[in-house]
Amino acid sequence: MALPRSPHTPIATKNVAAGFALALLGSIAFSGKAIIVKLAYRYGVDAVTLIMYRMLFALPIFAVMAWWASRDKAPLTRKDWLGVLGLGFTGYYLASFLDFAGLAYISASLERLILYLNPTLVMMLGWALYGRRIRWAQAVAMLISYCGVVLVFGLEANLQGTNVAWGALLVFLSAASYAIYLVYSGEMVQRLGSLRLVGLATTVACLLCLVQFAALRPLSAALVAPEVIWLSVLNATLCTAAPVLMVMMAIERIGAGTAAQAGLVGPLSTIFMGIWILGEPFTLWIAAGTALVVVGIFLFSRAARQPAAGR
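Residues numbered from 1 in each chain as written. Predicted model: local features only at pLDDT ≥ 70, side-chain atom pairs only at ≥ 80, totals over all residues. Heavy atoms only, no water.

> Explain helix H3 (residues 78-102) here, please?
Compared with the 36 Å implied by 1.5 Å per residue over 25 residues, the 34 Å span of H3 between its first and last C-alpha is a close match. Along H3, the sharpest change in direction is near 35° and occurs at Phe89. (Helix = DSSP H or I, 4+ residues; strand = E, 2+ residues; numbered from the N terminus. Expected span 1.5 Å × (residues − 1). Bend = angle between axes of the 7 residues up to and from the residue.)

In structure tokens:
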């Protein structure tokens, strides 16, 4: 006789489906950031001004997030505030600014592929700082993914010239800056909670971007085309705040590993939007390079989750 179905099964199934959908939507929404930045550059705005507007409109959202997550919690210590300032600088201010600056020189597709190498940078930092072992399977997967980036980079450099190298370097440094944030944020996430830490760190980053604009640009530089304002509002809401919340909600339902796997759609969605919205070219070389990056990161993530072999 068949066993009775658990009354919790439909609820669990719905949670998994909702979590996976949130992870997919979050990845796609975050990938749209590069498309919006490239569109805004068509109106003659520079990276300092553009990121100022993005963070200006995102500031109220993240400030409310920080306040909400801090309710009924112990106040931060001096050490906590120093940690928040450091993580806000590296993870959201510096990483974002370098990314925006790099997008002035390279395509949205190449930018997304470079940023997608982030897990490999986290692993290499773990090896350099803490002596964590790198498995052969991870090393091979890294080689595959980096070959994919080199393939797309070579094609783009051949078509657009030497500025591509500068743009690719800036985006790679952006990925490295965010990897530093991930490596050092683990302890603080456990102590403060992910929502509180993200809210506080992003609020710090928003303020730093406003200070940067005030220090480097005259007030008249804020007079930009209306399209830049609306694109910045869209960037701050749909492509910044919303993905953060969606991915966090997805992790609560399906776990970080599954949510990360759903993020594989990121480079593909960026390429599709780049072709459809920006008119970027799509060739066999780009397809091959993208496939290598996605496969390499998938194998890398799978190898990272496997238990270490016994001694």
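> What exactly am I supposed to notice about the pattern of salt bridges here?
Note that side chains of opposite charge can pair when their charged atoms are close. Counting across every chain of the model gives four salt bridges. In this structure, Lys33 engages Glu111 in a salt bridge whose closest nitrogen and oxygen atoms are separated by 3.3 Å. With Lys33 in helix H1 (residues 9-41) and Glu111 in helix H4 (residues 108-115), this residue pair connects regions lying 78 residues apart in the sequence. Residue Lys33 shares its accessibility class with Glu111, and that shared class is buried. Between Arg191 and Asp80 there is a salt bridge; the shortest N-O distance is 2.8 Å. (Salt bridge = Lys/Arg side-chain N within 4 Å of Asp/Glu carboxyl O. Buried < 20%, exposed > 50% of the residue type's maximum accessible area, 1.4 Å probe, protein only.)

> Looking at this structure, how should I read unusual backbone geometry?
With the exception of glycine, the majority of residues adopt a negative phi angle, and the majority of peptide bonds are in the trans configuration. A positive phi angle, near 60°, is found at Asp72, a position not held by glycine. Structurally, the position occupied by Asp72 is in the loop between helix H2 (47-70) and H3.

> Just to check I follow, could you spell out the packing of H4 against helix H6 (residues 136-160) for this structure?
For any two helices packed against each other, the geometry is given by the interaxial angle and the distance between the axes. Axis separation between H4 and H6 bottoms out at 10 Å; the angle between their running directions is 155°. The angle between H4 and H6 places the two elements in the roughly antiparallel class. Here the hand of the crossing between H4 and H6 comes out left-handed. Contact with H4, carried on its side by Leu110, Leu113 and Ile114, involves Val149, Val152, Phe153 and Glu156 of H6 and no other residues of that element. Looking at side-chain class alone, the contact of H4 with H6 contains six nonpolar, no polar and one charged residues. (Axes fitted to C-alpha atoms, helices over the stretch in contact; angles between N-to-C directions. Parallel < 35°, antiparallel > 145°, perpendicular 65-115°, else oblique. Left-handed = near helix turned anticlockwise from the far one by under 90°. Contact = heavy atoms within 4.5 Å. Nonpolar A, V, L, I, M, F, W, Y, C, P; charged D, E, K, R; others polar.)

> It is not clear to me how the packing of aromatic side chains should be interpreted in this structure. Could you clarify?
To describe a pair of aromatic rings, you give the distance between the ring centres and the angle between the ring planes. The final tally for this structure, using the stated rule, is seven aromatic pairs. Each ring, one from Tyr92 and one from Tyr181, has its centre 5.1 Å from the other, and the planes form 70°; the classification is edge-to-face. Linking Tyr92 in helix H3 with Tyr181 in helix H7 (residues 163-192), this pair joins segments that are 89 residues apart in sequence. For Arg71, the ring lying beneath its charged end belongs to Trp68, and the centroid distance is 3.5 Å. (Phe/Tyr/Trp six-rings, centres within 6.5 Å; stacked < 30°, edge-to-face > 60°. Lys NZ or Arg CZ within 6 Å of the ring centre and 35° of its normal.)

> Looking at this structure, I do not really get the packing of H6 against H7. What am I missing?
It is at 9 Å that the axes of H6 and H7 come closest, and there the two elements cross at 145°. Each of Tyr146, Phe153, Glu156, Ala157 and Gln160 in H6 lies in contact with H7, whose residues at this interface are Val164, Ala165, Ala168 and Phe172. Of the residues contributing to the contact of H6 with H7, the split by class is seven nonpolar, one polar and one charged.

> Please clarify how the environment of Leu113 should be interpreted in this entry.
With respect to the element layout, Leu113 can be found in helix H4. Separated by 116 residues in sequence, Leu113 and Ile229 have C-alpha atoms that sit 27 Å apart. Filtering out sequence-adjacent residues up to four positions away, Leu113 remains in contact with Val149, Val152, Pro267, Thr290 and Val293.

> I keep staring at the side chain of Thr203 and nothing clicks. Help me out?
Assignment of secondary structure puts Thr203 in helix H8 (residues 194-216). With relative accessibility at 16%, the residue Thr203 sits in the buried group. Beyond its immediate stretch of four places on either side in the chain, Thr203 contacts Leu59, Phe62, Ala63 and Ala66.

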